[in-house]
Amino acid sequence: MSNQIYCPNPKCVNHPHTSESNSWIRKKGFVKTKRDGMVQRYQCKDCLSTFSLSYFTIDHYVHKKLSYPTLLNHLVSGSGIRDMARAMHSSPSIITNRIQRLSKRIISVCPKEIHDLELSESVAADGLENFILSQYFPTNVNILAGQRSQFIYIFNAYHFKRKGACTEEQKKRKSELYESALFEKGAASRNFREILRFLSEKSEKSSLPSVILDTDEHPIYRHQFEQYEFLSHKIRHRRTNSRIERNYQNKLFPCNYIDRQIRKDLAEYIRETVQFGRNMNNSMDRFSCYCFWHNFLKPFRINKRNRKYLTHSHAAGFTPEKNREIINEVFHGCRKKEEDFIEYLTEFQKAHLKRTLLNPLNKKAV
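Residues numbered from 1 in each chain as written. Predicted model: local features only at pLDDT ≥ 70, side-chain atom pairs only at ≥ 80, totals over all residues. Heavy atoms only, no water.

Visitor: Got a minute to help me understand the nonpolar core in this structure?
Guide: Generally speaking, soluble globular proteins have nonpolar side chains that are buried together. Counting residues in hydrophobic clusters, the biggest one holds 69 residues, and the most contacted among them are Ile143, Tyr153, Leu213, Met284, Phe287 and Phe292. It is helix H8 (residues 280-297) that provides the largest number of residues to this core, a total of 9 residues. Contact partners of isoleucine 143, with chain neighbours within four places excluded, come to Ala124, Ala125, Asp126, Leu128, Ile152, Ile154, Phe155, Cys255, Ile258, Ile262 and Phe287. Among the nonpolar cores identified, the runner-up in size contains 12 residues, and Cys12, Trp24, Cys44 and Cys334 belong to it. (Core = buried A, V, L, I, M, F, W, Y, C linked by side-chain atoms within 4.5 Å. Buried < 20%, exposed > 50% of the residue type's maximum accessible area, 1.4 Å probe, protein only. Helix = DSSP H or I, 4+ residues; strand = E, 2+ residues; numbered from the N terminus. Contact = heavy atoms within 4.5 Å.)

What follows is the structure, encoded as structure tokens:
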């Protein structure tokens with residue numbers, strides 16, 4: 001039995017249980033289930049609450065098990081929700097639920113590990129534009145990635161009003177939609193400040209004499225970098241024109257590379273796709289799963305003869321053993337209490353975890 005289990009009752013003295021022994025519980029018979037057959041039940045000796053070990057798994061309270069590695073492989077191969085449902089003999093709502101469960105597990109495991117990792121490289125930040133619900137609501141996903149490793153350290157997202165020229169019919173449609181639409185004022189500045197705050201904390205613990213932050217010449221980046229009062233003295237801001245050739249020598253190569261990979265791997269980011277996101281929380285669930293796959297499962301380079309690193313996480317500083325431990329924890333580990341990892345989350349990650357990210361028309365579709 002795992003020593004990480006605890007009493008499910010939050011009012012019980014054994015809820016924050018961390019002892020190596022499980023003397024606070026006793027066996028309490030069996031229960032027959034359709035999913036697993038006869039399942040052993042346990043009881044807390046103090047509050048008398050009963051539970052089974054499935055409560056601590058990623059599949060707690062589900063009636064049908066699916067393979068999460070298989071689900072993730074479908075997700076990062078351009079499959080839509082209905083494609084995955086057909087391939088895994090399930091329904092679209094079940095697929096969405098399992099992606100949400102996997103995303104929550106990733107949020108409970110990865111931010112703490114990234115927080116403890118020493119920053120050993122300079123970084124680049126840029127936005128990936130897409131749309132949510134319709135093209136009248138463009139989204140911008142800000143990504144902070146390592147220069148050497150292309151490891152995605154952090155991301156956040158927001159939606160905004162459509163830019164560019166419109167026909168009279170489009171202008172009329174825009175005005176109708178925007179009457180009831182929800183927009184967050186100053187979202188672009190707030191999201192970049194969150195990235196700066198994260199980078200400032202990481203750079204203070206870094207052994208590097210200075211950390212270079214590469215961005216394009218967007219005025220918000222320059223303004224926030226100059227105005228952010230808690231910024232570490234070790235960070236230097238370097239700006240690159242976004243119109244220059246996007247090759248390996250480009251200082252924004254990490255973000256350009258990740259942009260290219262996402263636009264071919266994740267269905268809702270493919271150009272002119274019909275499989276677009278309709279809910280910001282569900283969309284970020286899928287993006288979180290993709291980042292986990294990109295960081296910890298995807299090979300760093302295809303050419304094995306010249307491959308110095310196994311994965312992007314290996315290039316960022318994680319050992320292969322630690323990488324396998326994180327993967328095992330995500331897929332098979334014990335469910336964590338929120339208070340054990342909440343301190344390592346950014347404000348965006350907290351809102352994502354609680355599913356309170358703002359939707360343009362407050363829709364609840366997938």
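Past the structure itself, the notes keep going.
Visitor: Would you mind going over the sheet that holds strand S4 (residues 123-132) with me for this structure?
Guide: Backbone-to-backbone hydrogen bonds join strands into a sheet, with any given pair of strands oriented parallel or antiparallel. With mixed pairing, the 5 strands of this open sheet are ordered in space as S6-S5-S4-S7-S8. At either end of the open sheet lies a strand with only one pairing partner, and these are strand S6 (152-159) and strand S8 (235-239). Neighbour-to-neighbour, the strand axes of this sheet turn through a mean angle of 25°, independent of strand direction. Bridging between strand S5 (residues 134-146) and S6 involves 7 bridges; their strand directions are antiparallel. In the sheet register, alanine 145 faces S6, and the bridge partner there is isoleucine 152. (Pairing = 2+ DSSP bridges. Axes fitted to C-alpha atoms, helices over the stretch in contact; angles between N-to-C directions.)

Visitor: Could you clarify how one ought to interpret the sheet that holds strand S3 (residues 50-51) in this entry?
Guide: Read across the sheet, 3 strands follow the order S1-S2-S3 without closing on themselves; strand pairing throughout is antiparallel. This sheet does not close on itself; its edge strands, each paired only once, are strand S1 (25-33) and S3. As paired strands, strand S2 (residues 37-44) and S3 are joined by 2 bridges and run antiparallel to one another. Directly across from tyrosine 42, in S3, lies its bridge partner phenylalanine 51.

Visitor: How should the pattern of salt bridges be read in this particular structure?
Guide: Pairing is possible between side chains that carry opposite charge, provided their charged atoms lie close to one another. In total, this model carries 20 salt bridges according to the counting rule given. Among the salt bridges present, the one from arginine 355 reaches aspartate 285, with a minimum N-O distance of 2.8 Å. Here arginine 355, found in the segment after helix H11 (347-353), pairs with aspartate 285, found in helix H8; they are 70 residues apart in sequence, far enough to count as distant. The partly exposed category is assigned to arginine 355, whose relative accessible area is 25%. Aspartate 285 gets classed as buried once you look at its relative accessible area, which sits at 3%. In this structure, lysine 337 engages aspartate 340 in a salt bridge whose closest nitrogen and oxygen atoms are separated by 3.6 Å. Sharing partners across several salt bridges, the network here consists of Arg35, Asp36 and Lys65. (Salt bridge = Lys/Arg side-chain N within 4 Å of Asp/Glu carboxyl O.)

Visitor: Is there a simple way to explain unusual backbone geometry in this structure?
Guide: What is expected of a backbone is that most residues other than glycine have negative phi and most peptide bonds are trans. Positive phi, close to 75°, is recorded for leucine 133, a residue that is not glycine. Note on placement: leucine 133 falls in the loop between S4 and S5. The phi angle at glutamine 150 is positive, at roughly 55°, despite the residue not being glycine. Checked against the element boundaries, glutamine 150 lands in the loop between S5 and S6. Owing to a relative accessible area of 1%, glutamine 150 belongs among the buried residues under this scheme.

Visitor: Looking at this structure, how should I read empty space enclosed by the protein?
Guide: Leftover empty space is mapped by rolling, across the atoms, a probe with the size of a water molecule. Counted by the stated rule, this structure contains 2 cavities of 30 Å³ or more. Taken together, Asn130, Phe131, Ile132, Thr139, Val141, Ala157, Glu268, Tyr269, Met280, Ser283 and Met284 form the lining of the largest cavity. Those elements that provide at least two residues to the lining of the largest cavity are S4, S5 and H8. Its residues assigned to classes, the lining of the largest cavity comprises 7 nonpolar, 3 polar and 1 charged. In this structure, the second largest cavity is lined by Ile81, Thr96, Ile99, Gln100, Asn282, Asp285 and Arg286. Elements supplying a minimum of two residues to the lining of the second largest cavity: helix H3 (92-116) and H8. (1 Å grid on protein atoms, 1.4 Å probe; cavity = no way out; pocket = protein on both sides within 12 Å on 5 of 7 lines; lining within 4 Å. Points joined across faces, edges and corners; volume = space filled by probe spheres on them. Nonpolar A, V, L, I, M, F, W, Y, C, P; charged D, E, K, R; others polar.)

Visitor: Explanation requested: the side chain of asparagine 282 in the structure shown.
Guide: Its place among the elements puts asparagine 282 in helix H8. Exposure remark for asparagine 282: the relative accessible area of 8% places this residue in the buried category. Polar contacts involving the side chain of asparagine 282 include one to the side chain of arginine 355, which spans 2.4 Å. (Polar contact = N/O pair within 3.5 Å; in protein donor to acceptor, adjacent residues only side chain to side chain.)

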